[in-house]
Amino acid sequence: MVGTIAQGFSFLVDPAVWGALAAGVFIGAIAGALPGITTTTAMAMLAPVTFYLPVRLGIPFLLGLYKGGVWGGAITAILLNLPGTNASIATTFDGYPLAKKGYARKALDMSLYASVTGELISSSILLLIMGPLSAIALKFGPPELFALIVFAIALIGISGDDPLKALVSALIGLVLATIGIDPLGGALRYTLGIVELRSGISFIPAMIGMLCLPELLSIFSQRVLRRSVSAEGRTLLEVGREGLTLGEYLRCVPTMVRSALLGLVIGIIPALSQVIAALLAYGLEKRLSPKPEKFGQGALEGIAAPEAANNAVNSGAMVPMLTFGIPGDLVTAVLIGAFMANNLKPGPTLIRDNPRIMYGLLLLMVLGNFVMLVVGKICMGIFISAIKIPAEYLVPAISVLVVLGAFSANNSLFDVWTMIACGFLGCFLKRYGFPIPPLLITFLLGYRLEMYLSQTLLLGNGSLSILRARPIALWLLLTTLIVWGWAVVPRGRFRVGQRTAS
Amino acid sequence: MVKKLITRSRLTAISAGVCVFLAVAVLALGCKSETFPDKPITMIIPFSAGGANDMMSRPMVPLAKEILGQPLNVTLMPGASGVTGTAAVLQKPADGYTVLFVTEGPMTVLPIVQQVPYKRSDFTPICRLNTSGMVIVTGKSSPWKTFNEAVEAIRKEPGKYAFATAGLYSTPHMAMLALENEFGLSFKHVPFDGGGAANVAVASGDCHLGAPNLSVAQALLKSGDLKPLAVTSEKRMPELPDVPTIKELGAKVSVEPWRGIFVKAGTPDNIVKILRDRFGKLLNDKRYVQELEKLGERLDYLDGPDFQRAWDEGFKYWSDVLSAQKK
C-alpha cells in the first residue's frame with residue numbers, strides 16, 4: 001500500500017494539477033459564499049467543463065470546488081448572519097455574534113483554520129484506512145438514521161437560554177416541515193392548491209428570509225431612525241485588526257479533532273450531509289464544554305466545531321462513493337458523474353484498476369487543504385474589503401443579492417415570496433425572543449425525521465419492536481433521553497418568561 | 001443631504017432617452033420573425049442539478065448552435081417529482097422556444113395517480129432520447145439465487161417481503177408494480193429518498209428486493225453486495241449477459257422508462273417539424289452519442305410520431321396496472 005501511495009505522489013508533481021485545485025477552491029469559496037448558489041449547483045454547472053479537460057486537471061478542480069464550497073458559506077454566515085450554504089448554518093450561531101462584537105476577522109480566520117484542520121484530519125484518516133471505513137456505510141438504515149436525527153434535534157433544539165421558547169420554535173419548524181407531499185409520497189398536505197408547495201417550503205429561501213432579512217431590516221431601521229451618519233458608523237461591521245492568535249487556535253484543537261472525527265463518520269453514512277455534521281458537532285461541543293453559556297455569544301469553539309465537522313464530511317463522503325459508487329450527497333453524485341465521464345467507474349474495481357490515479361486523488365485531498373488555506377485567505381481578503389463598503393451602498397446590494405439567491409435556488413419566483421414571508425416571521429420571532437436556530441433545524445430535518453420513522457415502522461410492520469435488534473439506534477435514543485434529562489432536571493423546572501438577550 | 005444631482009436639463013435628457021428606447025423596443029417586439037428559431041431555445045428540466053437528465057443535457061449545449069441553429073439554455077426547475085417544472089412549461093407561449101426534457105414518471109404515471117395541473121394532451125412529443133431498464137436485485141445475504149426462487153417465496157407469503165424503491169412512482173417502483181401485475185405478487189413497498197438510499201437498504205438486508213437502474217447499481221453489483229435476479233429491459237443487458245429478462249421469465253411486457261423531449265401542445269406544425277428534425281439530428285450526432293455513453297447511458301431514439309404511439313401504449317398499460325392497484 002505504501003508503494004501505491006508513493007505512486008500517487010507522481011500525480012502531484014505537475015503544477016497544473018495544483019493550479020486546477022486552487023482555481024476550484026477559489027471559485028468554490030465564492031460560490032459557497034453567495035446565498036442561493038449551493039455547492040451542488042456550482043459543481044453541476046462546472047462539472048461538464050471538466051469533461052473536456054484531462055482527468056488530472058478536471059477532478060482536482062472539482063475536489064477544490066467541493067472543499068472551497070463547503071467553507072465558503074461561512075464567510076457570509078459570519079458577516080451577514082446569512083449562511084451561503086446549508087453547511088454553514090451552525091456557523092451563524094457564534095460567528096455572527098462574534099462579528100457583531102467587532103471580531104469578524106478573527107471569526108473568519110477561525111472558520112478557515114477549522115475547516116482546513118478538520119478536512120486535514122479526516123482526509124488523512126481516509127487515506128490510511130479507507131477499506132474498513134466503508135463497512136460503516138451499510139450499517140445505518142432507517143432506524144439508525146431516525147435515532148440520529150432525534151439525537152441531533154435534542155442536542156441543539158433545546159438551546160440553553162429559554163428552553164420553552166426554543167421548544168416552541170422547534171415545533172413551529174416541524175409544522176412548517178409538514179407542508180408538501182408526505183415523505184412516503186402519498187398525500188398532499190397544506191399545499192393550498194399551489195403547485196410550488198408540493199415539495200414543501202423551499203429551505204434556502206426560508207433560511208435566507210429568517211436569518212438575514214431581520215438583520216438587514218434592523219440595520220436599515222437603525223440608520224434611518226438615527227439619521228446621522230458619522231464616519232465610524234458608515235460601515236456595516238467593524239472587522240477588527242487582529243486575526244486568530246496561535247493560542248486561541250491551540251485551545252480549540254480538541255474541539256476540532258472531535259468534530260472532525262464526527263464529520264468523517266457522518267460523511268461515510270450516505271444519507272447524511274454536512275449540515276447534520278455541523279449541527280451535531282456544535283451541539284456536542286456545547287454539551288461537553290465547561291462553559292456552555294459562552295456558546296451563542298461568540299465563542300470561538302462555536303465556530304471551530306461546525307466548520308471542522310462540515311469540511312471533514314467531504315472526505316467521509318468519498319468513502320461510499322469510491323467503494324460502492326453510492327453518492328454520499330448531491331455533490332458526490334455530481335462527482336460520480338464526472339468520474340464516469342472520464343472513464344473511471346466508481347466502485348471496488350476503481351482502486352484496483354487505477355491505483356495511481358486514486359491514491360493521487362486521495363493525496364490531493366490531504367495536501368489540497370494547504371491550498372485551501374492560502375486561497376481561503378485571499379477570498380477572505382476580498383470579502384473583508386467588500387464589507388468595508390459604506391452601508392448605504394452595501395445593504396441595497398446585499399438585498400439584491402439575497403433576492404437573487406432565493407430565486408436561483410430553484411429558478412422560482414415563488415421562492416422569493418417565501419423568503420419575504422419568512423422574513424416577516426423571522427422579525428416577529430426575534431422581537432418576542434424566540435430563537436430561530438431550533439426552528440430552522442427542525443424545519444430542515446423534519447421531513448427526513450418523518451421519513452425514517454415511517455420506513456422504520458414499515459419495516460417493523462407497524463411496531464417499533466424492530467428497534468430491539470438495532471443496537472446503534474437504541475444507543476442513540478438512550479443518549480438522547482440522557483441529554484434531555486440532563487438539560488431539564490438541574491433547572492428543576494422550565495423557567496417560563498425569561499427574556500433572552502438577543 | 002442629496003446634492004442637486006438631478007437638474008432639470010439632465011432630467012429632460014434622461015426622459016428623452018427612455019422614450020427613444022421604449023419606441024425602439026416596441027417596434028422590435030412588433031416585428032414577427034419569419035425564421036424559427038431566431039432566439040435561444042430554453043430547455044426546462046424538472047429535476048435537480050446533477051441528476052440524470054441534467055447530465056444528459058450538457059453535451060447538447062455545445063452542439064446546439066451548430067445543429068439547432070440557436071444556443072440552448074438549460075433551466076432546472078426541480079420540485080414535486082417533476083410536476084413543478086412540467087407545469088411551468090405550460091405557462092410559456094406555444095411558440096417552440098421552450099422545450100421540456102422529462103422522464104416517463106411525470107408524463108405517464110403521475111397523471112394517473114395524482115392530481116397534476118396538466119393533462120397528457122397538453123404536450124406534443126418531439127422525440128424520445130433513451131430508455132433504461134432496471135435490474136431486479138436482492139442482497140448479498142439473501143437465500144434466493146434465481147428469480148423463480150424469489151417468486152415462489154413471495155407467492156407463499158404475500159405482503160411480507162420489503163421492496164425498496166427510490167420513491168413513490170419512481171422508476172424502480174414502476175418495476176415493482178409491473179412485477180406484481182405480471183407475476184401475481186404482493187410486496188411491502190418501502191420508498192426511499194432516491195436510488196442510492198434504496199440500494200443501501202437492499203445491500204444491508206433491511207429490504208429484500210430492489211429495482212435500481214443499472215448505472216446506479218453497477219458498483220454494488222460488482223462488489224457482490226447486490227445480486228441480480230432479472231432485468232426489466234426488452235433484451236438482456238450486455239453488462240449482465242447471464243441475467244434473464246422478465247419477458248423470458250414469463251412477463252408479457254418489459255419495463256423501460258423513457259426520457260424524452262416535448263413542447264406545449266398547440267405549437268404550430270411547421271415549428272414542431274423543425275424541432276423534430278433538428279433534435280433528431282443532434283441526438284443522433286456521433287459526438288452526442290459518445291458523450292452519452294461516457295455517462296453510462298445509451299441512445300434509444302424514437303422520432304415524434306413513433307414516440308407518441310409508444311407513450312400512448314405505455315399510458316394504457318400503466319392505467320390498467322395502477323387502477324388494479326388503487327384501493
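Residues numbered from 1 in each chain as written. Chains lettered and ligands numbered in written order. Predicted model: local features only at pLDDT ≥ 70, side-chain atom pairs only at ≥ 80, totals over all residues. Heavy atoms only, no water.

1. Here's the deal with the overall build of chain B
Going by this rule: Secondary structure counts use DSSP, requiring at least four H or I residues in a row for a helix and at least two E residues in a row for a strand, with both numbered from the N terminus. For every residue, the accessible area obtained with a 1.4 Å probe (protein chains only) is divided by the maximum for its type, and the residue is called buried under 20%, exposed over 50%, and partly exposed between those limits. Where accessible areas are quoted, they stem from the Shrake-Rupley method and a 1.4 Å probe; at the residue level, only the protein chains shown are allowed to cover. Under the convention used here, Asp and Glu are negative, Lys and Arg are positive, and both His and the chain ends fall outside the count. Charge positions come from single atoms, namely NZ of Lys, CZ of Arg, CG of Asp or CD of Glu.
What chain B contains, in helices and strands, is 12 helices and 11 strands. Taken along its principal axes, the extent of the C-alpha atoms in chain B is 90 × 55 × 40 Å. Across the 327 residues of chain B, 53% fall into the buried class. In the structure as shown, chain B presents an accessible area of about 14,900 Å², 56% of it carried by carbon and sulfur atoms. Separation between the mean location of the 38 positive side-chain charges and that of the 32 negative ones in chain B comes to 8 Å.

2. Points about the overall build of chain A
Worth spelling out the cut-off: Here a residue-residue contact requires only that any non-hydrogen atoms of the pair lie within 4.5 Å.
A tally of regular secondary structure across chain A gives 20 helices and 2 strands. Counting every position in chain A, which comprises 502 residues, the buried fraction comes to 58%. Sequence separation of at least 24 residues holds for 80% of the intrachain contacts in chain A that already meet a minimum separation of 6. Within the structure as shown, chain A displays about 19,300 Å² of accessible surface, and the carbon and sulfur contribution to it stands at 69%.

3. So, the interface of chain B and chain A
The condition is simple: We define a salt bridge as a side-chain nitrogen of Lys or Arg found within 4 Å of a carboxyl oxygen belonging to Asp or Glu. For the purposes of these results, a polar contact is taken to be a pair of N or O atoms within 3.5 Å, where, inside protein, one atom must be able to donate a hydrogen and its partner to accept one; residues adjacent in sequence count only when each atom of the pair is a side-chain atom.
Across the contact, 40 residues belong to chain B and 41 residues belong to chain A. Where chain B packs against chain A, one counts 1 salt bridge. The salt bridge partner of B:Asp206 is A:Arg470, with a shortest N-O separation of 2.8 Å. Counting across the chain B and chain A interface gives 4 residue pairs in polar contact (both at pLDDT 80 or more). Residue assignment for the side of chain B that touches chain A shows that the elements contributing at least two residues are helix 2 (52-57), strand 2 (72-76), helix 4 (83-89), strand 7 (188-191), helix 8 (195-204) and helix 9 (214-223) of chain B.

4. Quick word on the nonpolar core
Here is the rule: Definition of nonpolar core: a set of buried residues of the types Ala, Val, Leu, Ile, Met, Phe, Trp, Tyr and Cys, connected through side-chain atoms within 4.5 Å.
Judged by nonpolar contacts, the single largest core of 121 residues is most densely connected at A:Leu79, A:Met110, A:Leu322, A:Leu335, A:Phe339 and B:Cys207. In terms of residue count, helix 16 (residues 355-387) of chain A provides more of this core than any other element does, 17 residues in total.

5. Some words on the sheet that holds strand 11 (residues 302-303) of chain B
In any sheet, the strands associate via hydrogen bonds between backbone groups, in a parallel or an antiparallel arrangement. All names here are of chain B. In plain terms, the rule: The pairing criterion for strands is at least two bridges between them, as found by DSSP. Note on geometry: axes are lines fitted to C-alpha atoms, helical ones only across the stretch in contact, with angles between N-to-C directions running from 0 to 180 degrees.
Here we have 6 strands laid out as an open sheet, ordered 2-1-3-10-4-11, and mixed in their pairing. Two strands bound the open sheet, and with one partner strand each, they are strand 2 and strand 11. The sheet contact formed by strand 3 (residues 98-103) and strand 10 (residues 258-264) spans 4 bridges and is antiparallel. By the bridge assignment, threonine 103 is partnered in strand 10 with arginine 259. Packing of helix 5 (residues 104-113) onto the sheet brings it into contact with strand 3, strand 4 (123-131) and strand 10, and relative to strand 3 it is tilted by some 70°.

6. Quick notes on the packing of aromatic side chains
Our working rule: Between rings of Phe, Tyr and Trp, where Trp is taken as its six-membered ring, a pair exists when centres lie within 6.5 Å; planes separated by under 30 degrees are stacked, by over 60 edge-to-face, and by other angles tilted. For a lysine, the NZ atom is tested; for an arginine, the CZ atom; a charge sits over a ring if that atom is within 6 Å of the ring centre and within 35 degrees of the ring normal.
Considering all chains together, one arrives at 17 aromatic pairs over all chains under this definition. Consider the rings of B:Phe36 and B:Tyr97, whose centres lie 4.9 Å apart with planes at 55°: the pair is tilted. Here B:Phe36, found in the loop between helix 1 (8-30) and strand 1 (41-45), pairs with B:Tyr97, found in the loop between helix 4 and strand 3; they are 61 residues apart in sequence, far enough to count as distant. As far as burial versus exposure is concerned, B:Phe36 and B:Tyr97 are alike and both buried. Of the aromatic side chains, those joined through ring pairs into one cluster are B:Tyr118, B:Phe123, B:Trp258, B:Phe262, B:Phe307 and B:Trp311. One residue, A:Lys165, lies across the ring of A:Phe434, its end atom 5.4 Å from the ring centre. In this structure, A:Arg431 is placed above the aromatic ring of A:Tyr432, and the distance from its NZ or CZ to the ring centre is 4.9 Å.

7. Topic: empty space enclosed by the protein
Residues and elements named next belong to chain B. Rules: For each structure, a 1 Å grid was placed over the protein atoms alone; sets of points admitting a 1.4 Å probe that cannot get out are labelled cavities, open sets with protein on both sides within 12 Å along at least five of seven lines are labelled pockets, and lining residues have an atom within 4 Å of a point. Grid points are joined across faces, edges and corners, and a volume is the space filled by probe spheres set on the points. Think of it as three bins: nonpolar holds Ala, Val, Leu, Ile, Met, Phe, Trp, Tyr, Cys and Pro, charged holds Asp, Glu, Lys and Arg, and polar takes everything else, Gly as well.
Counted by the stated rule, this structure contains 2 cavities of 30 Å³ or more. Contributing to the lining of the second largest cavity are Ile136, Phe147, Ala150, Val151, Ile154, Leu179, Leu185, Phe187 and Leu209. A per-element tally of the lining of the second largest cavity places helix 6 (residues 147-156) first, with 4 residues. Its residues placed into classes, the lining of the second largest cavity shows 9 nonpolar, no polar and no charged.

8. What to know about helix 17 (residues 391-408) of chain A
All names here are of chain A. Worth spelling out the cut-off: Residue count minus one, scaled by 1.5 Å, sets the expected span of a helix. Think of it as the arc spanned by the lines of direction from the helix axis to the C-beta atoms.
With 18 residues, helix 17 should cover 26 Å at 1.5 Å per step; its first-to-last C-alpha distance of 25 Å lies within 8% of that length. Residues of helix 17 that are buried include every one of Ala391, Leu394, Val395, Ile398, Val402, Gly405 and Ala406, and no others. Relative to the axis of helix 17, the buried residues are bounded by an arc of 100° and lie together on one face. More than 90 degrees from the buried face of helix 17, the exposed residues found are Tyr393, Val400 and Leu404.

9. Some thoughts on the environment of B:Leu283
Here B:Leu283 shows up in helix 10 (residues 269-284). With residues near it in sequence (within four places) discarded, B:Leu283 still touches B:Met60, B:Cys127, B:Leu129, B:Ile261, B:Tyr288, B:Val289, B:Leu299 and B:Tyr301.

10. Some thoughts on the confidence of the model for chain B
Counted only if it meets this: Values of pLDDT, the confidence the predictor places in each residue, fall between 0 and 100.
Per-residue confidence for chain B averages 86 on the pLDDT scale, and 94% of its residues sit at or above 70. Quick note on the complex model: pTM equals 0.77, ipTM equals 0.73.

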